[in-house]
Amino acid sequence: MVQRLFAQVLLAFVLMSVAEAQTISFTSIPEGYEAGNIDLGRGFTGALAADPANDNIIYASVGYWQHNSIVRINLATSLMTTVADGYFGSIGGMAVPGPNQLVVVDNDDCTSNSIPGDTILLLTDINIDGDFNDPGEIEEFIAPILVNGGSFSGAQARIAPAGSPSMIPSGSLLFQNADGNGHADLFIVTNPTSSTTAVYRPAGAAFFSGFDYNGGFDFDSRGNIFMGTTNSSFSGEVYALVNTNHDEDIDMGEWNDIVTSASLPGAISDFVIDAEDDAFIVTNPWGGFQVQTFRTPSDPLHIKAMPIPFANTDSSWLTSAIINTKSRQFEPGAPNGATMLLGGYKGMNSATNLLTLRPRKASEVKVWLLY
């Protein structure tokens, strides 16, 4: 069994019972933001996905090893519903490819049920009853390729945004694995709304290979991909991927290590970019901030970036981050701004809550004082 990187580093965490799980809290947030909390009632197991059709809808994996389930969270109403009872083995990533659908990257196998494990799944709410629990609604989507070490290590997943970014067809699925020893990959699967049409692009190969462990990835507004990784020394790095020749993969000269391990000694567990092209690194240094930030450079193949502190928590190991939308700003004072969600461990157990961070609206008093 191969878990995502954070679970590989802290394997004992995964093996603990959810019964003793606790909540996490912010210990530091930047000025102009307000913190919140979502009570899951169960341990968070590391995967988050936002619904592009409704940015108030977030999916989260909960439970514990070989007993993962999926909940749907409405950020506007705080309503939480279990939408896939499972049990899944170990969900490393999720993405929403189309209406009433969910892709689940499951890198383990729960032997107590018939759901395929150690593979990539497609969940479809066929009868539109709000869940994926009915017969035929969970199927193998596409089998993993380039598996090293004998076990699938699937991790974070995203859907390519509109505009064919990096010459990737809009709506394609991207996901990472964490094979280690320079064998980790970033994959593209086109036409991800059906198991009969989905194919790897390039055929039988990865979009980018050669790193050690996953650390999340995201697109900037120019369509470039920035990808968090952790190397074999468990220090973090951020790669910029720029598809200059417009083919189906990233070649030599089309990537740059823009944040080196010398400037980021902690491992990276996730990575997101907001609407303003600010990148946020979820890292876990022995000392210092767990969420750090930098502005993505306009020429990422030739410019380095230096992350600075953004927010910190009392989590023993932050695992996951997501920003629910890029159609709204994540800047202080932004009206109806985007929301960042963070999850992780407390002590040796999965935390039973998610943290939220939103821009604080500009004070009417402060605006009045301008006059």
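Just so it is clear, the structure is predicted and the values come from calculations on it, not from any experiment.

Participant: Honestly, the overall build of the protein in this entry has me stumped. Any pointers?
Facilitator: Helix and strand counts for the protein stand at three helices and 27 strands. Its C-alpha atoms give the protein a radius of gyration of 19 Å, within 12% of the compact-globule value 21 Å for 371 residues. Based on the C-alpha atoms only, the size of the protein along its principal axes is roughly 65 × 45 × 40 Å. The 371 residues of the protein split such that 57% are buried. The long-range share in the protein, meaning contacts at least 24 apart out of those at least 6 apart in sequence, stands at 55%. One finds the centroid of the 15 positive side-chain charges in the protein at a distance of 11 Å from the centroid of its 39 negative side-chain charges.

Participant: How should I be thinking about the sheet that holds strand β3 (residues 44-51) in this particular structure?
Facilitator: Adjacent strands of a sheet form backbone hydrogen bonds with each other and so pair up, either parallel or antiparallel. In spatial order, the strands read β3-β4-β5-β6; together these four strands make up an open sheet with antiparallel pairing. Each having just a single partner strand, β3 and β6 (80-88) make up the two edges of the open sheet. In this sheet, neighbouring strand axes are inclined to one another by 20 degrees on average, regardless of whether the strands run parallel or antiparallel. Two strands pair when backbone bridges link them, and β3 and strand β4 (residues 54-64) are joined in this way by five bridges, in the antiparallel orientation. Note on β4: the bridge partner recorded for A49 is Y59.

Participant: Is there a simple way to explain the nonpolar core in this structure?
Facilitator: Across soluble globular proteins, nonpolar side chains show a tendency to be buried alongside one another. Judged by nonpolar contacts, the single largest core of 19 residues is most densely connected at F280, F310, F330, M340 and L342. Among the elements of the structure, β21 (278-283), β23 (308-313), β24 (317-323), β25 (340-346) and β27 (353-359) are those that each provide at least two residues to this core. Ranked by the residues each element gives to this core, the list is headed by β24, at three residues. The next biggest cluster of nonpolar side chains, apart from the first, holds 17 residues, and it includes I70, I91, L102 and L123.

Participant: Sorry if this is basic, but what is going on with the side chain of D270 here?
Facilitator: Position of D270 among the secondary structure elements: in strand β20 (residues 268-273). Given a relative accessible area of 6%, D270 falls into the buried group. A polar side-chain atom of D270 sits 2.9 Å from the main-chain amide nitrogen of A321.

Participant: When you look at the side chain of N243 in this model, what are you seeing that I'm missing?
Facilitator: The residue N243 is located in the loop between β18 (236-241) and β19 (255-259) in this model. Side-chain polar atoms of N243 contact the backbone oxygen of D247, separated by 2.8 Å. N243 has contacts with S166, M167, F207, D249, I250 and E254, leaving out every residue within four places of it along the chain.

Participant: Would you mind showing me how to read unusual backbone geometry here?
Facilitator: For the peptide bond that leads from R201 to P202, omega is 0 degrees, which places it in the cis range. Note on placement: P202 falls in the loop between β14 (199-200) and β15 (208-211). In the Ramachandran plot, L146 falls in the positive-phi region, its phi being about 55 degrees despite a non-glycine side chain. Take L146: it is sitting in the loop between β10 (138-142) and β11 (154-159). Classification of L146 by relative accessible area gives partly exposed; the value is 36%.

Participant: Could you clarify how one ought to interpret the pattern of salt bridges in this entry?
Facilitator: Between side chains of opposite charge, a pair can form when the charged atoms approach closely. Going through the model one piece at a time under the given rule, you end up with eight salt bridges. One salt bridge connects R328 with D55, and the closest N-O pair in it is separated by 2.7 Å. Here the residue R328 occupies a position in the loop between β24 and β25, and D55 occupies one in strand β4, the gap between them amounting to 273 residues. Across the pair K346 and D314 runs a salt bridge whose closest N-O atoms are separated by 3.5 Å. One end of the pair, K346, is in strand β25; the other, D314, is in the loop between β23 and β24, with 32 residues separating them in the sequence. Several salt bridges share partner residues, and in doing so they unite R158, D218 and K326 into one network.

Participant: Got a minute to help me understand the layout of surface pockets in this structure?
Facilitator: A water-sized probe, rolled over the atoms, reveals where empty space remains. Looking at the largest pocket, its volume works out to about 680 Å³. At the level of elements, β3, β7 (91-95), β11, β16 (213-219), β20 and β24 are the ones that each hand at least two residues to the lining of the largest pocket. If you tally residues by element for the lining of the largest pocket, the top one is β3, at six residues. The residue inventory of the lining of the largest pocket, partitioned by class, reads 19 nonpolar, eight polar and seven charged.

Participant: Would you mind showing me how to read the confidence of the model for the protein here?
Facilitator: Interpretation of this model should avoid reading the predicted coordinates in detail wherever pLDDT is low. The share of residues in the protein with pLDDT of 70 or more is 92%, and the mean pLDDT across the chain is 90. The model gives residues 1-19 a pLDDT under 50, and that stretch makes 60 contacts with residues more than four places away or in other chains. Confidence drops under a pLDDT of 50 for residues 364-371, and excluding neighbours within four residues, the segment shows one contact in the predicted structure.

What counts and what doesn't
- Residues numbered from 1 in each chain as written.
- Predicted model: local features only at pLDDT ≥ 70, side-chain atom pairs only at ≥ 80, totals over all residues.
- Heavy atoms only, no water.
- Helix = DSSP H or I, 4+ residues; strand = E, 2+ residues; numbered from the N terminus.
- Rg over C-alpha atoms; globule rule 2.2 N^0.38 Å.
- Buried < 20%, exposed > 50% of the residue type's maximum accessible area, 1.4 Å probe, protein only.
- Contact = heavy atoms within 4.5 Å.
- Lys, Arg positive; Asp, Glu negative; His and termini not counted.
- Charge placed at Lys NZ, Arg CZ, Asp CG, Glu CD.
- Pairing = 2+ DSSP bridges.
- Axes fitted to C-alpha atoms, helices over the stretch in contact; angles between N-to-C directions.
- Core = buried A, V, L, I, M, F, W, Y, C linked by side-chain atoms within 4.5 Å.
- Polar contact = N/O pair within 3.5 Å; in protein donor to acceptor, adjacent residues only side chain to side chain.
- Salt bridge = Lys/Arg side-chain N within 4 Å of Asp/Glu carboxyl O.
- 1 Å grid on protein atoms, 1.4 Å probe; cavity = no way out; pocket = protein on both sides within 12 Å on 5 of 7 lines; lining within 4 Å.
- Points joined across faces, edges and corners; volume = space filled by probe spheres on them.
- Nonpolar A, V, L, I, M, F, W, Y, C, P; charged D, E, K, R; others polar.
- pLDDT = per-residue confidence, 0-100.

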